[in-house]
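Topology and contacts: notes
Each chain is listed here by its residues.
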Amino acid sequence: MSTRAMQVANIAFLLDRLAADTPPNQQIRELTENALEAIERRHKAGDAAEGIIRWDVDWDNLKRTNQYKLSITDNGDGMTSQQMLDYLNALAVQGANQTQGISQNFGVGAKITALHRNSHGLVYQSWHQGKGSMVKLHRDDKEGVYGLASFDLADGPDWTPRIKDSFKPKSIDQSGTKVTLLGTSENDNTCFPPADAGGGMNWLITYLTGRYFRVPENTKIQVRVLTKDEDAWPSEEPSPSAKTFNFQTVSGSKALFDQYSEAKGTVQLATADAHWWVFADPKEDSKKMSTRGGRTCKVGIVFQDEVYVHLTPPTARRLLAGFGIVFGADHVVIYVEPKKTLDIRADTARSRIIINGEDVQEANWFEIWGAEFREKMPAEIKAKIDEIMAKTERDPDGKTRERILERLQRIRDLLRPTRYRRDPNGSLRASGQTLGGGSEFGDTQRETTSPGGGGHRGGRSSDDYLADLVESGGEAVNAVVVSTKEPAVKWVSRADGTREEGELDDLAAEIVGDTLTGEIVKANRDFRGYRDLVGFFTKEFNPGGDPAINRKIVEYVEEWLEGQLVEAIMTVRNLTNGRTWTPADIDRALSAYSLTTVMMARFHIVERVKRSLSSDLARPSKAA
Ligand SMILES: Nc1ncnc2c1ncn2[C@@H]1O[C@H](COP(=O)(O)OP(=O)(O)OP(=O)(O)O)[C@@H](O)[C@H]1O
Ligand SMILES: [Mg+2]
């Protein structure tokens with residue numbers, strides 16, 4: 001048997017399609033990565049000279065064309081003219097690493113990102129054993145194709161002309177490569193951040209520091225520092241001793257966090273290393289790190305020395321709560337580096353991490369890692385959590401809580417919902433099988449709307465038929481664990497530093513961590529609905545502003561609100577049955593928004609607080 005190989009009918013379309021899936025700054029990563037790999041090959045071949053990668057203005061190009069174009073120069077192993085023809089003008093080609101593979105090189109990196117974004121031209125100048133030649137890739141708009149552009153020289157056209165020695169960059173000795181980004185038009189200044197990426201003039205530093213966790217040993221990545229005002233830019237390469245417009249070295253996010261944190265370490269988990277940092281002053285430290293893309297309260301994933309997932313609040317705060325950091329998330333950064341024993345790889349665009357065929361976040365890996373991290377909580381992080389949580393303590397002997405639980409006890413029978421009952425005339429229909437006598441599934445009914453509109457129709461619906469096709473053993477599901485313990489409410493505020501910036505803004509309360517099992521509820525003292533309530537009582541009972549009375553008011557208001565929150569959370573959690581109330585439903589029913597609704601029902605609270613205050617202050621109640 002023989003096979004006629006499949007061909008690509010329209011490479012330009014495929015390339016544009018692939019490029020559309022990549023983030024704006026990906027080309028910076030791909031070109032830096034190619035340079036790092038070229039240096040690594042040179043080092044492996046026994047040449048130990050320090051690797052230097054420089055993102056800089058192409059000063060030669062500026063001299064000739066008066067246009068500022070961004071370039072990257074490395075002193076890696078370089079390419080011969082033949083290698084450039086082979087490697088650069090073909091998609092999915094096996095390059096010099098000889099490592100095409102699902103978790104290594106794809107042979108597409110620079111082409112789908114840099115070439116697409118520089119359709120006017122991507123110029124490669126490369127030196128190998130001292131000899132330099134160049135190619136120019138571009139999009140030929142007339143033909144609608146990507147490919148090599150010919151150089152029309154005096155003695156005819158050439159694809160890979162030799163380069164005069166005088167144009168060899170200073171950082172290159174015998175071998176190395178310089179790539180110039182011409183952008184999408186003649187006068188496209190590619191030194192500015194791409195419009196869709198945004199960012200200031202430190203965009204390269206920010207992006208590269210954030211993207212690289214560690215920079216390889218004996219290798220330096222440098223970036224030319226430019227200012228916003230293009231008119232002030234130098235017209236030729238500044239001397240290394242110049243005070244402005246010099247190079248800044250990229251040291252990677254690990255070094256950045258190491259430098260500004262007050263404590264750091266790595267927790268060994270079964271399937272990953274969890275790198276953590278604690279910061280003394282999140283605001284100040286974030287400000288200092290911001291010019292290099294750093295901040296606190298961040299979660300990331302490290303793979304092959306690169307950071308793939310960058311999560312910031314509110315997502316990061318929620319994940320950190322899963323790691324046991326229930327207070328003080330603003331002080332912490334955690335980067336998880338999965339172990340190589342996992343089946344781990346990056347997607348084609350290298351912006352997502354796939355483990356066992358599933359996206360890291362979708363497959364809930366953070367939950368697994370978080371649970372293990374909680375067990376091995378570093379003492380420094382624990383101390384930070386305790387320090388902040390201690391500030392929320394207002395009921396040291398547990399008297400208030402005791403009263404709340406005692407009240408709930410009085411309506412014990414109401415705390416568990418009744419089960420749905422079978423009713424042949426009802427509009428509710430059981431879904432799923434009845435198991436073991438059916439008592440357990442009595443409450444697993446779901447409302448169904450029949451397409452015919454009302455009434456029970458004879459015969460079998462197509463859903464019934466489809467249900468027959470389902471494996472009768474049913475799908476394996478995770479047992480849903482609901483906490484039966486009353487959650488503890490902690491009152492937080494910006495003033496005492498227990499509520500972080502952006503956390504629970506204008507919302508009343510939130511369960512920390514998992515909605516079904518979280519044991520701590522943060523209630524927001526800065527929330528308008530709460531402040532209004534306190535203000536209401538202050539006006540009536542404490543016009544003179546007596547601090548002792550004020551304490552009483554706050555105490556009662558909080559006690560009654562707390563009771564209402566605990567009751568709502570307990571009872572809603574108990575609705576869980578896996579059918580009509582799934583954990584996702586509970587997530588919604590107990591979201592910060594829902595708990596805000598709970599706190600906004602105030603009539604009965606007003607009555608109770610008034611009564612308590614009136615008797616305490618031995619004053620006749622004005623309550624109607
Ligand atoms: N700066 C460079 N120095 C030396 N060789 C280079 C350089 N840039 C690219 N190459 C060669 O060109 C090849 C193609 O690069 P490209 O980025 O398109 O794909 P790749 O690096 O092989 O795979 P990936 O899709 O993982 O990036 C490389 O494998 C390498 O052999
Ligand atoms: Mg590459």
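Quick caveat, the model's predicted, so the values are computed rather than measured.

Rules and cut-offs
- Residues numbered from 1 in each chain as written.
- Chains lettered and ligands numbered in written order.
- Predicted model: local features only at pLDDT ≥ 70, side-chain atom pairs only at ≥ 80, totals over all residues.
- Heavy atoms only, no water.
- pLDDT = per-residue confidence, 0-100.
- Contact = heavy atoms within 4.5 Å.
- Buried < 20%, exposed > 50% of the residue type's maximum accessible area, 1.4 Å probe, protein only.
- Helix = DSSP H or I, 4+ residues; strand = E, 2+ residues; numbered from the N terminus.
- Pairing = 2+ DSSP bridges.
- Phe/Tyr/Trp six-rings, centres within 6.5 Å; stacked < 30°, edge-to-face > 60°.
- Lys NZ or Arg CZ within 6 Å of the ring centre and 35° of its normal.
- Axes fitted to C-alpha atoms, helices over the stretch in contact; angles between N-to-C directions.
- Salt bridge = Lys/Arg side-chain N within 4 Å of Asp/Glu carboxyl O.
- Expected span 1.5 Å × (residues − 1).
- Polar contact = N/O pair within 3.5 Å; in protein donor to acceptor, adjacent residues only side chain to side chain.
- Left-handed = near helix turned anticlockwise from the far one by under 90°.
- Nonpolar A, V, L, I, M, F, W, Y, C, P; charged D, E, K, R; others polar.
- Patch = residues over 30% accessible without salt bridge, like charges linked within 9 Å, V, L, I, M, F, W, Y side chains within 5 Å.
- Areas by Shrake-Rupley, 256 points an atom, 1.4 Å probe, with all protein chains shown as cover.
- Parallel < 35°, antiparallel > 145°, perpendicular 65-115°, else oblique.
- Core = buried A, V, L, I, M, F, W, Y, C linked by side-chain atoms within 4.5 Å.

1. Considerations on the confidence of the model for the protein chain
Per-residue pLDDT for the protein chain has a mean of 87; in total, 88% of the residues score no lower than 70. In this model, residues 430-460 is a region of pLDDT below 50 whose contacts with residues beyond four sequence positions or in other chains number 41 contacts. Low pLDDT, under 50, characterises residues 620-624; the stretch is placed with 5 contacts to residues that sit more than four places away or in other chains.

2. Things to note about the pairing of strand β12 (residues 272-278)
Counting buried residues in β12 gives 7 out of 7 residues, a clear majority hidden from the surface. The turn joining strand β11 (residues 263-268) and β12, which pair antiparallel and follow one another in sequence, is formed by 3 residues. Where β12 meets strand β15 (residues 332-338), 7 bridges bridge the pair, whose relative direction is antiparallel. Note on β15: the bridge partner recorded for Ala 274 is Val 336.

3. Some thoughts on the packing of aromatic side chains
Taken as a whole, this structure holds 15 aromatic pairs when the rule is applied. A connected cluster of aromatic rings, assembled from ring pairs, spans Phe 213, Phe 257, Trp 277, Phe 279 and Tyr 335. The ring of Tyr 308 carries Arg 211 above its face, with NZ or CZ at 4.6 Å from the centroid. Between the NZ or CZ atom of Arg 224 and the centre of the ring of Phe 247, over which it lies, the distance is 4.1 Å.

4. Considering the sheet that holds strand β4 (residues 131-140)
The 8 strands are arranged β5-β4-β3-β8-β2-β1-β9-β10 in an open sheet whose pairing can be described as mixed. Pairing within the sheet leaves two strands with one partner each, and these edge strands are β5 (145-149) and β10 (247-250). Adjacent strand axes in the sheet meet at a mean angle of 20° when their direction is disregarded. Sheet topology note: the strand β2 (residues 70-74)/strand β8 (residues 176-181) ladder contains 5 bridges and is antiparallel. Of the residues in β8, the one forming a bridge with Asp 74 is Thr 177. On top of the sheet, helix α4 (residues 81-88) reaches β3 (122-128), β4 and β5; it is set at about 25° to β4, its chief contact.

5. Structural notes on the sheet that holds strand β22 (residues 509-511)
With mixed pairing, 3 strands are arranged side by side in an open sheet as β21-β23-β22. In this open sheet, the two edge strands, each paired with only one partner strand, are β21 (488-492) and β22. Strand after strand, the sheet turns through a mean of 25° between neighbouring axes, direction not considered. Sheet contacts for helix α18 (residues 592-600): β21, β22 and β23 (520-524); angle to β22, the most-contacted strand, approximately 130°.

6. Overview of the pattern of salt bridges
Under the counting rule described, the total for this entry stands at 43 salt bridges. For the salt bridge of Lys 522 with Glu 503, the shortest nitrogen-to-oxygen distance reads 2.8 Å. With Lys 522 in strand β23 and Glu 503 in the loop between β21 and β22, the pair connects residues that are 19 residues apart, well separated along the chain. Across the pair, Glu 503 and Lys 522 agree in class, each one buried. Here Asp 585 ties to Arg 588 by a salt bridge, and the two come within 2.8 Å at their closest N and O atoms. You can see Asp 585 and its partner Arg 588 sitting in helix α17 (residues 583-589), 3 residues apart, about one turn around the helix. Exposure remark for Asp 585: the relative accessible area of 18% places this residue in the buried category. Residues joined by salt bridges that share partners form a network here, namely Arg 29, Glu 30, Arg 211, Glu 306 and Arg 350.

7. Description of helix α5 (residues 109-117)
Owing to its 3.6 residues per turn, the α-helix brings residues three or four apart onto one side. In terms of burial, α5 is largely enclosed, as 7 of its 9 residues are buried. For α5, the set of buried residues is Gly 109, Ala 110, Lys 111, Ile 112, Thr 113, Ala 114 and Leu 115. Looking at the buried side of α5, the elements it contacts are α1 (11-20), α2 (26-44), α4, β3, β4 and β5.

8. Structural notes on helix α16 (residues 547-573)
Helix length check: α16, at 27 residues, gives a terminal C-alpha distance of 38 Å against a target of 39 Å (1.5 Å per residue), a fit within 8%. Of the residues flanking the start of α16, the one acting as N-cap is Asp 546, its side-chain oxygen 2.8 Å from the backbone nitrogen of Ala 548.

9. Section: the packing of helix α15 (residues 528-541) against helix α19 (residues 603-616)
With their axes 12 Å apart at the nearest point, α15 and α19 run at an angle of 35° to one another. Two packed elements cross with a definite hand, and for α15 against α19 that hand is right-handed. Contact with α15, carried on its side by Leu 533, Phe 536, Phe 537, Glu 540 and Phe 541, involves Ile 605, Val 606, Val 609, Lys 610, Leu 613 and Ser 614 of α19 and no other residues of that element. Its residues assigned to classes, the contact of α15 with α19 comprises 8 nonpolar, 1 polar and 2 charged.

10. Some words on a nonpolar patch on the surface
There is a patch of nonpolar side chains on the surface, built from Val 8, Ile 11 and Leu 14 and spanning about 240 Å² of accessible area. Note on placement: Ile 11 falls in helix α1. Ile 11 sits in the partly exposed class, given a relative accessible area of 43%.

11. Looking at the packing of α2 against helix α6 (residues 203-211)
Orientation of α2 relative to α6, taken along the N-to-C sense of each, is 65°, at an axis distance of 10 Å. By the criterion of interaxial angle, the relationship of α2 to α6 is roughly perpendicular. Here the hand of the crossing between α2 and α6 comes out right-handed. Contact residues: α2 offers Gln 26, Ile 28, Arg 29 and Thr 32, while α6 offers Trp 203, Leu 204, Tyr 207, Leu 208 and Arg 211.

12. Here we look at the pairing of strand β14 (residues 306-311)
In terms of burial, β14 is a largely internal element, 5 of the 6 residues being buried. Of the strand pairs in this sheet, strand β13 (residues 298-303) and β14 are connected by 5 bridges, and their pairing is antiparallel. Bridge pairing in β14 places Val 302 opposite Val 307. Adjacent in sequence and paired antiparallel, β13 and β14 are bridged by 2 residues, among which Gln 304 carries a positive phi angle near 50°.

13. Notes on the nonpolar core
Counting 48 residues, the largest nonpolar core has Leu 31, Trp 55, Tyr 124 and Leu 208 as the members making the most contacts within it. Membership of the second largest hydrophobic core comes to 43 residues, among which are Val 336, Ile 344, Ile 353 and Val 492.

14. Some thoughts on unusual backbone geometry
Residue Pro 313 is joined to Pro 314 through a cis peptide bond whose omega torsion reads 5°. With respect to the secondary-structure elements, Pro 314 resides in the loop between β14 and α9 (315-322). Positive phi outside glycine occurs at Asn 364, with the angle close to 60°. Structurally, the position occupied by Asn 364 is in the loop between β18 (358-359) and α10 (365-375). Owing to a relative accessible area of 39%, Asn 364 belongs among the partly exposed residues under this scheme. With a phi angle near 50°, Leu 504 is a residue other than glycine that sits in the positive phi range. Note that Leu 504 resides in the loop between β21 and β22. On the basis of relative accessible area, Leu 504 is assigned to the buried category, the value being 6%.

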